[in-house]
Amino acid sequence: MLVVMKAQATPEEIQAVCEQIELLGFRAHALPGAQRTAIGITGNQGEVERGSLETLSGVADVIRVSKPYKLVSRDVKEEDTVVRFPGTDVTVGGRNLAMVGGPCSIESREQAFAVAEKIAEAGAHFFRGGAYKPRTSPYAFQGMGEAGLQIMAEVRDKFGLRIVTEAIDNESLALVEQYADMIQIGARNMQNYSLLKRAGRSKLPVLLKRGMSATLEEFLMAAEYVMSEGNYNVILCERGVRTFADHTRNTLDLSIVPAVHQLSHLPILVDPSHGTGKRDKVLPLSRAAIAVGADGLMIEVHHQPDKALSDGPQSLYPEQFAQLMDEAAQIAEVVHRHLQRGVELTELAIPLAGAKRSAIR
Ligand code: PEP
Ligand code: MN
């Protein structure tokens, strides 16, 4: 169910409706839009008695949301969600493209800094890298753990890039929260519902990758899990699905981008690195992803891919990443988007980041 407030409804009226919903034993999610605020209701098994809400002051309408996903749906929020990163001009969603680059895994301080320097030079916004790696083999490199997170926090301090890194369980999520700017939930965990709920209670935005065999509806329902806990800053990421095709590691399903945009207000990035598994396919598929309307890209980059501890064959050389950024910027204009290079720190960010830094050390 959804309560649509009148355009001129006051904050007090919105608050009163939320209180009434909670009084009925449900959860209220106020989602402000450009024209009006909508209040999503979750926690109800059947229809909510609309009489007690319809008559409240400031209410325009109470409507049933027929889709299985509610908060994720455009029915609940018409305008695109724009996720902001405090203390910076970085956004995900809206007109500007968001570019994420970095190695598959954080392997050492030297490696992370060597890659981050090039990523920053090329004008990216986020530095990625796994400190906790969900590997197919228990004998493969599992990531540096908290030491890797510390290195990423240093990268943010030095280059201004925002940090996104994967949490693989509740324990690592609690640590990732202390160091990163965005929590990544990987493909293998897209249906780990307790982890999704935990991420939903975090203050940080969540980058949710599509499961290897997830349908669009399952993908959106996973995002709904995060949002239903009160975290509305969810960014989806297409990373390819398993098919019979064997010329690539996965089949990058670019058609999901317009499909997501039609059904949901959430932004969606594309990861052509895991989506193809092959370095020479990353640039062509990146061009296509921007053309099809992706809100940004996530790209694996390594300064010495032959020596990478994971995903070397799909990692771009830094020069290739720089070329990709140039081409993405050109294609963006054709599809009425824009690639603004680099991260601008707002004045507030410096003392804030400083406070966070000293807390971690
Ligand atoms: C990653 O981004 O490092 C990763 C492990 O991706 P995925 O979860 O899509 O396989
Ligand atoms: Mn990888």
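In the block above lies the structure referred to throughout.
A brief look at the structure comes next. Fair warning: this is a prediction, and the values are worked out from it, not measured in the lab.

Basis of the calculations
Residues numbered from 1 in each chain as written. Chains lettered and ligands numbered in written order. Predicted model: local features only at pLDDT ≥ 70, side-chain atom pairs only at ≥ 80, totals over all residues. Heavy atoms only, no water. Donors = N, O, S within 2.8 Å, 3.2 Å for Na, K, Ca; no water. Helix = DSSP H or I, 4+ residues; strand = E, 2+ residues; numbered from the N terminus. Buried < 20%, exposed > 50% of the residue type's maximum accessible area, 1.4 Å probe, protein only. Near = heavy atom within 4 Å. Polar contact = N/O pair within 3.5 Å; in protein donor to acceptor, adjacent residues only side chain to side chain. Areas by Shrake-Rupley, 256 points an atom, 1.4 Å probe, with all protein chains shown as cover. Nonpolar A, V, L, I, M, F, W, Y, C, P; charged D, E, K, R; others polar. Axes fitted to C-alpha atoms, helices over the stretch in contact; angles between N-to-C directions. Parallel < 35°, antiparallel > 145°, perpendicular 65-115°, else oblique. Left-handed = near helix turned anticlockwise from the far one by under 90°. Contact = heavy atoms within 4.5 Å. Core = buried A, V, L, I, M, F, W, Y, C linked by side-chain atoms within 4.5 Å.

Observations concerning the coordination of the manganese ion (ligand 2)
- Only Cys 104 (SG), His 274 (NE2), Glu 300 (OE) and Asp 311 (OD) from the protein reach the manganese ion (ligand 2) as donors, at distances of 2.0 to 2.4 Å.
- Sequence positions of the donors to the manganese ion (ligand 2) reduce to the motif C-x169-H-x25-E-x10-D. Of this pair, Glu 300 sits in strand S14 (residues 296-300) while Asp 311 sits in the loop between S14 and helix H11 (318-334); the two residues are eleven residues apart in sequence, bridging distant segments of the chain. Like Asp 311, Glu 300 is buried.

A word on the site of ligand 1
- Looking at ligand 1, the residues that line it are Arg 128, Lys 133, Glu 166, Gln 184, Gly 186, Ala 187, Arg 188, Lys 209, Arg 239, His 274 and Glu 300.
- In the model, an oxygen atom of ligand 1 is placed 2.9 Å from a nitrogen or oxygen of the Lys 133 side chain.
- One of the side-chain nitrogen or oxygen atoms of Arg 239 is found 2.6 Å away from an oxygen atom of ligand 1.
- Burial of ligand 1 by the protein chains amounts to 96% of its free accessible area of 300 Å².
- Per-class residue counts for the shell around ligand 1 are one nonpolar, three polar and seven charged.

Observations concerning the packing of helix H10 (residues 279-291) against H11
- Two elements in contact, H10 and H11, have axes whose closest approach is 9 Å; the angle formed by their N-to-C orientations is 20°. By the angle between their axes, H10 is roughly parallel relative to H11. The hand of the H10/H11 crossing is right-handed. Of H11, the residues touching H10 (which contributes Arg 279, Val 282, Leu 283, Ser 286, Arg 287, Ile 290 and Ala 291) are Gln 320, Gln 323, Leu 324, Glu 327, Ala 328, Ile 331 and Ala 332.
- The class makeup of the residues in the contact of H10 with H11 is eight nonpolar, three polar and three charged.

Re the nonpolar core
- If you look at the biggest cluster of nonpolar residues, it comprises 77 residues, and the most contacted ones within it are Phe 127, Ile 185, Leu 208, Leu 236 and Phe 321.
- Contacts of Ile 185, omitting those with residues within four sequence positions, involve Ala 167, Leu 173, Leu 195, Leu 196, Ala 199, Val 206, Leu 207, Leu 208 and Lys 209.
- Counting 15 residues, the second-largest nonpolar core is a separate cluster that includes Met 5, Ala 9, Ile 21 and Ile 41.

Re the side chain of Thr 165
- Relative to the elements of secondary structure, Thr 165 occurs in strand S9 (residues 162-166).
- Taking the relative accessible area as the measure of exposure, Thr 165 reaches 1% and is therefore buried.
- Setting aside residues up to four positions removed in sequence, Thr 165 forms contacts with Gly 129, Gly 130, Ala 131, Leu 149, Met 152, Val 176, Ala 180, Met 182, Ile 183 and Gln 184.

That's the geometry; what it means functionally is another story.
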